[in-house]
Amino acid sequence: MPTIPRAGREYVTATLTDAPVGAALEVSIDGGATWHPTTRDGDTIRFLVAGPDATDNPAGTIALPAGRSLVRVRLVDNPETVIRRAPDAIDIP
């Protein structure tokens, strides 16, 4: 589980060996209220997150509140399919 500084901005990566090969994936850090695209290279996904004090975030950055944010991953083409083996949380002190 990664820890991101409050003013930090970092890519989070995860290996998902049980996701269908080549399928587009997206992540949610707010309980499924909003979903964000990931980039994928084989079994590895990547997405950019920023702490609440980060500034000048590029488009596509997922802004996180302080505390623990739970991560969900799902298939874009079949959104009811949630990938269970994924990074479980991101911490912001």
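See the structure printed just above.
The rules we used
- Sequence positions are assigned chain by chain, starting from 1 and proceeding in written order.
- Only residues with pLDDT of 70 or above have their local features reported here, since the model is predicted, and side-chain atom pairs are shown and tallied only from 80 upward, although totals for entire chains, interfaces and linings are computed over all residues.
- Excluding hydrogens and water, the side-chain figures rest on all heavy atoms present in the structure.
- Only protein chains enter the calculation, and the probe is 1.4 Å; a residue is then buried if its accessible area is under 20% of its type maximum, exposed if over 50%, and partly exposed in between.
- By definition, any uninterrupted DSSP run of H or I lasting at least four residues is a helix, any uninterrupted run of E lasting at least two residues is a strand, and each is numbered from the N terminus.
- Pairing between strands is defined by DSSP: at least two bridges between the two strands are required.
- Joining through side-chain atoms within 4.5 Å is the link that ties buried Ala, Val, Leu, Ile, Met, Phe, Trp, Tyr and Cys residues into a set, and such a set is a nonpolar core.
- By the convention used here, residues are in contact when the closest approach between their heavy atoms is within 4.5 Å.

Let's shift gears to the pairing of strand S10 (residues 89–92). Residues of S10 alternate between two faces, with Ala89 and Asp91 on one and Ile90 and Ile92 on the opposite face, all of them buried. Here four bridges tie strand S7 (residues 67–70) to S10, and the two strands are oriented antiparallel to one another. Directly across from Leu70, in S10, lies its bridge partner Ala89.

Regular strands place their side chains on alternate faces of the sheet. Residue alternation in strand S2 (residues 25–28) divides its side chains into two sets, Leu25 and Val27 and Glu26 and Ser28, and both sets are buried. Pairing analysis gives four bridges linking S2 to strand S8 (residues 72–75), with the strands arranged antiparallel. Residue pairing in the sheet places Leu25 in a bridge with Leu75 of S8. Relative to strand S3 (residues 36–37), S2 runs antiparallel, the two being bridged by two bridges. In the sheet register, Glu26 faces S3, and the bridge partner there is Pro37.

What follows concerns the sheet that holds S8. Strand pairing in a sheet relies on backbone hydrogen bonds, with the paired strands running either antiparallel or parallel. Pairing is antiparallel in the open sheet, where four strands are placed in the order S3-S2-S8-S9. Looking at strand neighbours, the two that pair on one side only are S3 and strand S9 (82–83), the edges of this open sheet. Relative to S9, S8 runs antiparallel, the two sharing two bridges. When the bridges of S9 are listed, Val73 appears paired with Ile83.

Another point: the nonpolar core. Counting 20 residues, the largest nonpolar core has Leu25, Ile45, Phe47, Val49, Val73 and Ile90 as the members making the most contacts within it. Only strand S1 (9–15), S2, strand S5 (44–50), S8 and S10 provide two or more residues apiece to this core. Among the elements that line this core, the one with the most residues is S5, at three residues. With sequence-adjacent residues up to four places away left out, Val49 is seen in contact with Ile4, Gly8, Arg9, Glu10, Val12, Thr61, Ile62, Leu64 and Ile90.

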